[in-house]
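Listed below, chain by chain, are the residues.
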Amino acid sequence: MSRLAAGAAVHFQGKDYLVLGFDAAGQVQLRGENSALHVMDPGDLVGDPSFGFEGVETTPLSPQQLAWDHLKGDVRADALEREEHVQEVLTGHRLGQPDARFPGEPRAAYDGTSQRQRVSAKAAELSITTRQVSRWIQSYRAAGQHPSGLINRKAIQVSSRLGDAEVVLGDAILRLAKQRQDDSDLSFITMRDLVEKDLKARGQDTPLPSQPTFNKLIKRYAPELTHSAKRRQSDASRGKKRPFGKIVCVRPGQYVLLDITPFDVLARSEVDGHELKLSMIVAMDLYSRAIVAVRLVETEPRGVDITTLMLDIVHPVRAHPSWPTLPEDARLPYLGVPEGVMLASHEMPEGEPLLNVPPVLPESIMVDNGKVFISRELRELCLRLGTDILLARPGTGSDKAHIERLFRHIRQALAERLKSYVGPHVLARGRRVKPFHFQWELQFELIQWVARYYNHRPHDGLCHPRTPRVKLTPSEMFAFGVSHAGHLTVPLGRDAYYLALRTELRTISDTGVRIDGWQYDSAVLNDFRGQESPYLELGRRWPFKIDGRDPTVIHFQHPQTLAWHEITERDADWRSRPFQDGLADQVKVVIEERSAQTEKDPLRAVRQDMDDAYATRVAQTSKRAAQTAKQVLSGKQKQEISRREAADAQRQAMTGKTRVKKIKASAAPEAQNPDTDDHLFEVVGDEF
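Residues numbered from 1 in each chain as written. Predicted model: local features only at pLDDT ≥ 70, side-chain atom pairs only at ≥ 80, totals over all residues. Heavy atoms only, no water.

1. Examining the overall build of the protein
Our working definition: Under the DSSP-based scheme used, a helix requires at least four consecutive residues in state H or I and a strand at least two consecutive residues in state E, with every element numbered from the N terminus. The buried label applies to any residue whose accessible area, calculated with a 1.4 Å probe on protein chains only, is under 20% of its type's maximum; exposed applies above 50%, and partly exposed to all values in between. By definition, residues are in contact when any of their heavy atoms lie within 4.5 Å.
Check the secondary structure of the protein and you find 19 helices and 17 strands. Evaluated residue by residue, the protein yields a buried proportion of 36% over its 688 residues. Taking the intrachain contacts of the protein between residues at least 6 apart in sequence as the baseline, contacts between residues at least 24 apart amount to 60%.

Here you go:
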């Protein structure tokens, strides 16, 4: 071991120096080129990776030396035993110096003899060749006198049994991986055939190993071939440059990630009860990893769904009128701003609880290249909010890796626990999975999970660089960011709000307007019922703005004053009515019973049965009327009828034609028994 003392020759940062000594302050003095004097701290000098002593070569660590502590105990014990033999050959002592555990050292064969004699003595003692002992000494010195150089190579695998053929096969496998990175998945058998064809085309007669050995080579040289095609394409899109960069966020709202994924739970429509497949839109604040907005929408989201989500990001979450009351731990923690000030700034009623989904004004949103994220509505809204739109690279999920990982966590921590869970793909779906919850119920479960669980859960990515094991929660990180970055502002005015809402065109009738199955009406619409819209191209249809988060109201702009009015739903006060909480559960039972019916129109048989019974009653009544008609006539009428019947029979005999009889109803006799058929009668005569 060399010493840093006067007269030592060292090299530092590619230059040679001579150590002159140390001054009174403990600084080392160096003389460099052109006799220039340099003064440095000894720690800085020795700690620099480029520092070294002239003429002293450093031996790089071997793989076995790096992994010495992870080797098996018997392998290390065997190497340590060999080290004792080597040390005894080199120094005469098994530990390299006298030790009380080995009395009588050095032994006669190793005391005052040459190294050649000691090598011969050790070979005779262990019954091995002198060449083997010389190899031990050479390997021990090459390993920097570390026992890792004496490891039994038969105990661990240090080389391949394929020898030089593995290099050729490895190159062929790498070529196959490069050619097939955009192709569909291949089996190991097909990959083996392709490698064999590639070697023959290049004129290389390297024999291929068995299929199990070939599979191990694939996993060693090109493990990406064992991944799915989607993952291979994603890995290829990131390139081979390492290490990856990292976006540094210093305040909440600096970067907000938006993405869409299917929600793996079936739902029922609130309007007609049919089955719904939902999509989930999530917004995550990259600084705090907090979920700042989440929405469930039917089927494929539209541009207006993304703009509505932007409202959820900027404004606090408003509870759906159908939601039950959330507990206290779901409320937004104190962020340094009084709750009343936040409610007033967002035009919310005083006393309304703020949920633990913190609002933030995003400086930039990062989205993929989907059409809904580059729609005109979103661009106009972001322009009003002063928000930049950053597009991720196509096919590169790693650009939004945080939110992609969040999707799996939501599925495992929430969706799998809900009824009607269908799994992430068809192969994971159970048999006869039927929807159970309404959409607003699933939205409630999702918001509750975010407010009560996720934003209070310690996150592995949230910690101070100097305390990496102390994990913070998204709520704690968000509150810390607000404390040093200040309260986040909100956009003034309501123009941005109405710009983000969905527009529906409806004719204003006497009962108001019907949208999505709900009926809305207000006195504000009185002057416009059945009137032409001021927009000529719309005719009698008027535009209304709909906020999907609150179906109890729609928004209407007065054409003269340009003021916005809230048009309430007729049953908006349903919660104040008795027994309404149980009614929603009863509706689900009714829907379940109807879905179990096999006939599309179960009342069709009922209607047919009613029609048949009615026709039978009419026929029976007509028959009884004919039988009892003569019973209610007077004697004179009976004589008249007999006379006419005789005249008809005579006329028929003379002409061969039958006279047509006409029936006329006359007033029934008074005071008849209603339980008899005496009130039924028939009159036949010439006067008809």
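Still more ground to cover, so stick around.
2. Side note on a nonpolar patch on the surface
As a reminder of what qualifies: Note that patches include only residues with greater than 30% relative accessible area and no salt bridge, and the join distances are 9 Å for like charges and 5 Å for nonpolar side chains (Val, Leu, Ile, Met, Phe, Trp, Tyr). Note on areas: Shrake-Rupley with a 1.4 Å probe; residue coverage comes only from the protein chains shown. What makes a salt bridge here is a side-chain nitrogen of Lys or Arg within 4 Å of a carboxyl oxygen of Asp or Glu, nothing more.
Nonpolar side chains collect at one region of the surface, where Leu18, Leu20, Leu37 and Val39 lie side by side and expose about 330 Å² of accessible area between them. Within the residue set of the nonpolar patch, elements represented by two or more residues are strand S2 (15-22) and strand S4 (37-40). As for its placement among the helices and strands, valine 39 is situated in strand S4. Using a relative accessible area of 48% as the deciding quantity, one classes valine 39 as partly exposed.

3. Points about the packing of aromatic side chains
Formally: Ring pairs shown here join Phe, Tyr and Trp side chains whose ring centres sit within 6.5 Å, with only the six-membered ring taken for Trp; geometry is labelled stacked below 30 degrees between planes, edge-to-face above 60, and tilted in between. Here, over-ring charges are defined by two tests on the NZ atom of lysine or the CZ atom of arginine: distance to the ring centre within 6 Å, and angle to the ring normal within 35 degrees.
The tally for this structure, following the rule as stated, stands at seven aromatic pairs. Arranged with centres 5.7 Å apart and planes meeting at 55°, the rings of phenylalanine 528 and phenylalanine 556 form a pair that is tilted. With a gap of 28 residues between them, phenylalanine 528 in the loop between strand S14 (518-520) and strand S15 (541-546) and phenylalanine 556 in strand S16 (residues 553-557) connect regions that are remote in the sequence. A relative accessible area of 6% places phenylalanine 528 in the buried class. Summarising the aromatic geometry, the rings of tryptophan 542 and phenylalanine 556 are spaced 6.0 Å apart at their centres and angled 55° between planes, so their arrangement reads as tilted. Placement of the pair is tryptophan 542 in strand S15 and phenylalanine 556 in strand S16, with a sequence separation of 14 residues. On the accessibility criterion, tryptophan 542 (3% relative accessible area) is buried. Judged by relative accessible area, which is 0%, phenylalanine 556 ranks as buried. The structure contains a cluster of three or more aromatic residues connected by ring pairs, namely Phe528, Trp542, Phe544 and Phe556. The side chain of lysine 419 reaches across the aromatic face of phenylalanine 436, ending 5.5 Å from its centre.

4. Looking at the sheet that holds S2
Across a sheet, paired strands are connected by hydrogen bonds in the backbone, their directions being either parallel or antiparallel. Put simply, the test is: The rule for pairing is simple: two strands pair if DSSP sees at least two bridges between them.
Pairing is antiparallel across the open sheet formed by five strands, whose spatial order is S4-S3-S2-S1-S5. Strands at the two margins of the open sheet, each flanked by one partner only, are S4 and strand S5 (52-53). Sheet topology note: the S2/strand S3 (residues 28-31) ladder contains four bridges and is antiparallel. Opposite glycine 21, over in S3, you have glutamine 29 as the bridge partner.

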